[in-house]
Amino acid sequence: MSDMLILGIESSCDETAASVVRDGRSIVSSVVSTQIEEHKKYGGVVPEIASRRHCENILGVVRKALDDAEITLNDLDAVAVTYAPGLIGALLVGVSFAKGLAMASGKPLVPVHHIAGHIATNYLTFPELEPPYLCLVASGGHSHIIEVLSYTQFRVVGRTRDDAAGECFDKCARAMGFPYPGGVHIDRAAQTGDPSEFKLPHPTVAGNEFDFSFSGLKTSVINLIHNSQQKGVELNFNNLAASVQNTIAELLTEKTMRAAEALGYRRVALAGGVSANTGVRAELSAACERRGYDFFMPDKSLCGDNGAMIACQGYYNFINGITADESLNAVATLSLEDL
Ligand code: KG4
Ligand code: ZN
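Fair warning: this is a prediction, and the values are worked out from it, not measured in the lab. (Residues numbered from 1 in each chain as written. Chains lettered and ligands numbered in written order. Predicted model: local features only at pLDDT ≥ 70, side-chain atom pairs only at ≥ 80, totals over all residues. Heavy atoms only, no water.)

Visitor: Tell me about the packing of helix H2 (residues 47-68) against helix H3 (residues 88-105), residues and numbers included.
Guide: Closest axis-to-axis distance for the H2/H3 pair is 9 Å, and the angle between their directions is 30°. Of the two possible hands of crossing, H2 and H3 adopt the one that is right-handed. Taken together, the residues of H3 that come into contact with H2 (itself represented by Ser51, His54, Cys55, Ile58, Leu59 and Val62) are Gly89, Ala90, Val93, Gly94, Phe97 and Leu101. Grouping the amino acids of the contact of H2 with H3 by side-chain chemistry returns eight nonpolar, four polar and no charged. (Axes fitted to C-alpha atoms, helices over the stretch in contact; angles between N-to-C directions. Helix = DSSP H or I, 4+ residues; strand = E, 2+ residues; numbered from the N terminus. Left-handed = near helix turned anticlockwise from the far one by under 90°. Contact = heavy atoms within 4.5 Å. Nonpolar A, V, L, I, M, F, W, Y, C, P; charged D, E, K, R; others polar.)

Pasting the structure below:
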């Protein structure tokens, strides 16, 4: 019985988060401090403000994660931290802090890729899940179809050509007057909406048949709203939200199923901030069920950015010999395949 305790630190965007995870699978403590209220005023994340808030919050968040777990630094086996991709100033706060902790405690420092962290949320939700499987990661910055070859090896088989799925949700929501981040507001409005009123485009993407494109959908929603405003016609935003959600869910599901069939995967997972979306969860799980595939999606509490996913992936990196030395730096853009 190894009983390994990993501290995970996440600060790539607008959540300062820390968590202690046991043996990569069970959450001992998890603390997430979100800055959403502050960024809302600007309609999106302001990088400079995000860095400052991380700097102010990180010590308290990490201390609370250790206190809640009723452990001290000495009890840890390693300190894991998100080092890429994300807002550079935001990442630097987490990386620098983790380095200091590693030095003070004499514990190993483990670098974690943010998207690998999102994928790991399913290990926390399904203790029996093991690679290989196919995973759709849809978040504010990424829409990827990924072959999870092992706990630490990934192949990206599809990606977005333009906007990410979450970005599309947020931009459509903004056009409808919802506050940032709007994805969850579209989700709520869609609950009572009828998706059949608005037919939105399903773009065709030339080249890689597993790639996504969401900018056309966003543009058509923005045009629809502008045109109706000019004519003084009031749109039913619940119906429009239902249409946007259905269309995004269909696009994500179509490509993921196509990739699963072509590559021979019968186990499919969903992860990333957009995995919280009711429509996406339902559409992808129904499509998997029809084909007899096993389907995995994270507990709702783990969909957004958190420290537990970094501690979980940190565990798998650590036991596979992936550690960092004192020269670890933050990286704003880094493909999962380049680890
Ligand atoms: O993974 P995440 O927390 O941050 C990134 O790594 O980007 O993802 C945030 C994205 C935002 O675009 C947000 O609107 C979207 O996830 N999101 C949702 C829902 N909850 C979060 N989109 C649609 N429906 C939701 N319920
Ligand atoms: Zn994320």
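Moving on from the model shown.
Visitor: Can you lay out the pattern of salt bridges for me, pointing to particular residues and giving the numbers?
Guide: Evaluated as defined, the whole model comprises twelve salt bridges. Put simply, Glu147 and Arg155 hold a salt bridge, and the shortest N to O gap is 2.7 Å. One salt bridge connects Asp163 with Lys171, and the closest N-O pair in it is separated by 3.8 Å. Here Asp163 falls in the buried class, since its relative accessible area comes to 7%. Here the salt bridges share partners, and the residues they tie into one network are Asp163, Glu167, Lys171 and Lys218. (Salt bridge = Lys/Arg side-chain N within 4 Å of Asp/Glu carboxyl O. Buried < 20%, exposed > 50% of the residue type's maximum accessible area, 1.4 Å probe, protein only.)

Visitor: Lay out the site of ligand 1 in plain terms, naming residues and giving numbers.
Guide: Close to ligand 1 lie 18 residues; His118, Gly140, Asp170, Asp187 and Asn277 are nearest. One of the backbone N or O atoms of Gly141 is found 3.3 Å from an oxygen atom in ligand 1. Backbone polar atom of Gly183 to a nitrogen atom of ligand 1: 3.3 Å apart, as the coordinates give it. For ligand 1, whose unbound accessible area comes to 550 Å², protein coverage reaches 85%. When residues of the shell around ligand 1 are traced back to their parent elements, those giving at least two are helix H4 (114-125), helix H5 (165-175) and helix H6 (183-190). When grouped by side-chain class, the residues that make up the shell around ligand 1 number five nonpolar, ten polar and three charged. (Near = heavy atom within 4 Å. Polar contact = N/O pair within 3.5 Å; in protein donor to acceptor, adjacent residues only side chain to side chain. Areas by Shrake-Rupley, 256 points an atom, 1.4 Å probe, with all protein chains shown as cover.)

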